[in-house]
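Chain and residue survey
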Amino acid sequence: GEAIEKFMRGLSQEKVLSDIIFRMKAMCPEDRDRTLIHLRKICHGQPSERALLSWDEVHEMFDSRLIAFGSHTVNHTLLDQVAPDIMHREISVSGLMLRRDLGAADLVFAYPNGNYTHDVATAVQDNGYVGAVTTVRGFVGKKVDLFQLPRIGMHEDISSSAASFLFRLLTGR
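Residues numbered from 1 in each chain as written. Predicted model: local features only at pLDDT ≥ 70, side-chain atom pairs only at ≥ 80, totals over all residues. Heavy atoms only, no water.

Summing up its helical and strand segments, the protein has 7 helices and 3 strands in all. Secondary structure elements of the protein, listed N to C terminal, follow the sequence α-α-α-α-β-α-β-β-α-α. Of the roughly 12600 Å² that the protein leaves accessible, carbon and sulfur atoms contribute 58%. (Helix = DSSP H or I, 4+ residues; strand = E, 2+ residues; numbered from the N terminus. Areas by Shrake-Rupley, 256 points an atom, 1.4 Å probe, with all protein chains shown as cover.)

Our next topic: the sheet that holds strand β3 (residues 149-151). Backbone-to-backbone hydrogen bonds join strands into a sheet, with any given pair of strands oriented parallel or antiparallel. Strand order across the open sheet formed by 3 strands is β1-β2-β3, with parallel pairing between neighbours. Among the strands making up the open sheet, the edge pair consists of β1 (108-110) and β3. Strand-to-strand, the axes of this sheet are offset by a mean angle of 45°, without reference to chain direction. Pairing between β1 and strand β2 (residues 131-137): 3 bridges, direction parallel. (Pairing = 2+ DSSP bridges. Axes fitted to C-alpha atoms, helices over the stretch in contact; angles between N-to-C directions.)

Another point: helix α2 (residues 29-42). For α2, built from 14 residues, the straight-helix expectation of 20 Å at 1.5 Å per residue is met to within 8% by its first-to-last C-alpha distance of 20 Å. Downstream of α2 by a residue or two, H44 has a phi angle that is positive, lying close to 55°. (Expected span 1.5 Å × (residues − 1).)

A few words on a nonpolar patch on the surface. Together, L17, I20 and I21 make up an exposed nonpolar region whose accessible area comes to about 260 Å². Here L17 shows up in helix α1 (residues 2-25). Taking the relative accessible area as the measure of exposure, L17 reaches 49% and is therefore partly exposed. (Patch = residues over 30% accessible without salt bridge, like charges linked within 9 Å, V, L, I, M, F, W, Y side chains within 5 Å. Salt bridge = Lys/Arg side-chain N within 4 Å of Asp/Glu carboxyl O. Buried < 20%, exposed > 50% of the residue type's maximum accessible area, 1.4 Å probe, protein only.)

Applying the stated criterion to the full structure yields 2 salt bridges. Residue D31 pairs with R34 through a salt bridge whose shortest N-O separation is 2.2 Å. Taken as a pair, D31 and R34 lie in helix α2 at a separation of 3 residues, close to a single helical turn. Of the charged contacts, one joins D101 and R100 as a salt bridge, the two residues approaching to 2.7 Å between their closest N and O atoms. You can call R100 exposed: its relative accessible area is 61%.

Glancing now at the nonpolar core. Counting residues in hydrophobic clusters, the biggest one holds 18 residues, and the most contacted among them are I91, F109, Y111, V120, V124, Y129 and F147. Put simply, the parts of the chain that give this core at least two residues each are α3 (55-63), α4 (84-102) and α5 (118-126). Ignoring anything within four residues of it in the chain, the contact list for F109 reads S71, H72, T73, L79, I91, V124, Y129, G131, A132 and V133. (Core = buried A, V, L, I, M, F, W, Y, C linked by side-chain atoms within 4.5 Å. Contact = heavy atoms within 4.5 Å.)

Function-wise, these values are silent; they only describe arrangement.
Encoded structure:
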């Protein structure tokens, strides 16, 4: 009884949050910022400290040669929703930082939220990246565009068990 009710409330909250996130990603940046300010006011909340890697941790991981880093913009900007100058700056500065601070070469780019257009893909290519991944599910074939690479997403729900992880790797679903 009580455990099921708690589980159902959790699902309901999770569904609501997922729906809010989905809808906010479709908003223009200005509307998204106004909505976040409004939500913080009505929830009496402050932006939480984000748990990000420090540059020392990034260097340690990169130097181990077990981890490779790719570019994802400076501010997680949805590149299809901003002016061309902002898009170009986000793409170029992110790559420059990784090349300068890590000595990284042959960088791959990941489009934030999977959002990209032909102009975004061209800008990524023009900034010296060797490829870019989308959020389109699938395997890379011989004739795939290197700046529209599909991938197999690995989120907490998939990588939480060995069976789920293996199923996703083998099937792409």
